[in-house]
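Survey of secondary and tertiary structure
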Amino acid sequence: MSVSTAAAARTICAPLPVLGRDVTVPLVTGGEVTYAALDYAASAPALQRVWDDVAAYAPYYGSVHRGAGYLSQLSTDLFENARKTVAEFLGCREGDQVVFTRSTTDSLNLLAAALPADCQVFVFETEHHASLLPWRDARVTYLDAPRTHQQAVATLEKALADRDPYGPALVCVTGASNVTGELWPVRELAAAAHAHGARIVLDAAQLAPHHAVSVADLDVDWVAFSGHKLYAPFGSGVLAGRADWLTAAEPYLAGGGASRKVTRREDGGVDVEWHESAARHEAGSPNVIGAYSIASACKALTEAGFENLVAREQYLIEKVKGGLADVPEVRILSLFGDDAPRVGVISFVVEGWNSSHFAAALSAEYGIGVRDGLFCAHPLVRTLLGSDPQTQGECGAPEAAPGEKSLNAIRVSFGAGTPDEHVERFVTAVRELVSDGAKWRYRTEDGRCVPAV
């Protein structure tokens, strides 16, 4: 990106206001500094717009779907309108359902529970555990990590063509890796799946906060994502897409809201008629605030314009990649190569450093929050690090003292609310830590590296 283009990106789209942007944190070396939140891939800070919308609604909090009072009716309208907003945000087709869940993990477990009998599932080893692990009652084929987009499509096509018996099948793929940030060829994989009589679900947890996602344009059957990565509070998620498998399945949870009619039988038992709408899988009192916050975030991102958001994020990506490239001891992890398109997620290792030690120093000495570990994508990180993919590890830091080699990595991630200063401070901190070392002593406590006191 040229200087003029970078300046234009910053002018067109300033960072969106987020909660915590003025929070200060203490430094172990003395004083305080504004916190640099660079762990968006785990949980992005809530947009101020979202928080304001939720606060404005809070006094009108009421029960949904069953209340006759004004506040209940208002809450019901707000909940169902949130469903419509999300459907528009995702470019859903006519007849698609939007089911509100707790998270991406919950969404994919819901879909796993709705698979038809004898369904085969195909998933790359590169997936986050949320999309790697839910398929416990299905026959699962785990595909090796591809090194190009073309290899990913070819690998999937061969696996689908070779399946036996040739029955129902589901492909699960990420839109953007939570480890490398690299974009996957979703449209091409969807075409390959459909050509072989399979369906496909897109894990958009890392894609939706950074790029426009359209179920119709990508031609995927379902999409799943989490509110807490889309600048909304914790505890809300979405599964959107085709209704048939969801309608044919037993309710994800049995209870009020999912049931349309319940009657006693003469033998003393009960007969249940379940809803065929999204309510079938939303038993119990729903998370209205969670659904509303997701809808608010969808509106805010749409109004900001993904073209502008992407342009500015690309500027930040190049700033980080360029800064890390100037430090020979740093190796950026990648599946598809240095020039592969990505979102604002970059993982790396530093020669001579334990990753937990490095992340602890960034936090304690510079006020920078990043993530270290295996990022709940153990097989992928093991593959990228060149270690045995079967080696045991944890999502957090392993038991390794400062200076010892660790079988994990460091991840920096950012997005619509990240100011230039945060990534500039990060690049400066990496250079100083590598050249001068940490200013403080650290020790291992409960498997995590912390400043020694």
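Attention in this report is confined to the structure presented alongside it. (Residues numbered from 1 in each chain as written. Predicted model: local features only at pLDDT ≥ 70, side-chain atom pairs only at ≥ 80, totals over all residues. Heavy atoms only, no water.)

Another aspect to go through is the pairing of strand S7 (residues 169-174). In regular strands, side chains alternate between the two faces of the sheet. Most of S7 is tucked away, with six of its six residues classed as buried. Burial along S7 is two-sided: the residues Ala169, Val171 and Val173 and Leu170, Cys172 and Thr174 are all buried. Strand direction decides the pairing type here: S7 and strand S8 (residues 199-203), joined by five bridges, are parallel. For Leu170, the partnering residue across the bridge sits in S8 and is Arg199. (Buried < 20%, exposed > 50% of the residue type's maximum accessible area, 1.4 Å probe, protein only. Helix = DSSP H or I, 4+ residues; strand = E, 2+ residues; numbered from the N terminus. Pairing = 2+ DSSP bridges.)

Let us now look at the side chain of Ser347. Along the polypeptide, Ser347 turns up in strand S14 (residues 345-350). The buried category is assigned to Ser347, whose relative accessible area is 0%. Only 2.5 Å separates the side chain of Ser347 from the backbone oxygen of Val179, close enough to count as a polar contact. Once you skip the residues sitting within four places of it in the chain, Ser347 turns out to touch Val179, Arg331, Ile332, Leu333, Phe375, Ile410 and Arg411. (Polar contact = N/O pair within 3.5 Å; in protein donor to acceptor, adjacent residues only side chain to side chain. Contact = heavy atoms within 4.5 Å.)

This next bit is on the layout of surface pockets. Each pocket or cavity is described by its volume, and for the largest pocket that value is around 380 Å³. What lines the largest pocket is a set of 25 residues, among which Ala41, His128, Asn178, Lys229 and Cys376 lie closest to the centre. Tallied by class, the residues present in the lining of the largest pocket amount to eight nonpolar, twelve polar and five charged. (1 Å grid on protein atoms, 1.4 Å probe; cavity = no way out; pocket = protein on both sides within 12 Å on 5 of 7 lines; lining within 4 Å. Points joined across faces, edges and corners; volume = space filled by probe spheres on them. Nonpolar A, V, L, I, M, F, W, Y, C, P; charged D, E, K, R; others polar.)

Here we take up the sheet that holds strand S10 (residues 237-241). Strand order in the open sheet made by the seven strands is S4-S10-S9-S8-S7-S5-S6, with mixed pairing throughout. Of all the strands in the sheet, just strand S4 (97-101) and strand S6 (139-143) have a single pairing partner and so form its edges. The sheet shows a mean angle of 20° between the axes of neighbouring strands, taken without regard to direction. By the bridge criterion, five bridges tie strand S9 (residues 222-226) to S10 in an arrangement that is antiparallel. Counterpart to Phe225 in the pairing with S10 is Val238. On top of the sheet, helix H6 (residues 149-161) reaches strand S5 (120-124), S6 and S7; it is set at about 160° to S5, its chief contact. (Axes fitted to C-alpha atoms, helices over the stretch in contact; angles between N-to-C directions.)

A grouping of Tyr60, Tyr70 and Leu71 is seen on the molecular surface, where their side chains present a nonpolar patch of about 340 Å² in accessible area. Inspection of the secondary structure puts Leu71 in helix H3 (residues 70-89). By relative accessible area, Leu71 is classed as partly exposed at 33%. (Patch = residues over 30% accessible without salt bridge, like charges linked within 9 Å, V, L, I, M, F, W, Y side chains within 5 Å. Areas by Shrake-Rupley, 256 points an atom, 1.4 Å probe, with all protein chains shown as cover. Salt bridge = Lys/Arg side-chain N within 4 Å of Asp/Glu carboxyl O.)

A separate point is the packing of aromatic side chains. Tallied over the full model, the rule gives ten aromatic pairs. Taking the centre distance of 5.2 Å and the plane angle of 35° together, the rings of Trp222 and Trp245 count as tilted. With Trp222 in strand S9 and Trp245 in helix H9 (residues 244-248), this residue pair connects regions lying 23 residues apart in the sequence. Owing to a relative accessible area of 0%, Trp222 belongs among the buried residues under this scheme. (Phe/Tyr/Trp six-rings, centres within 6.5 Å; stacked < 30°, edge-to-face > 60°.)

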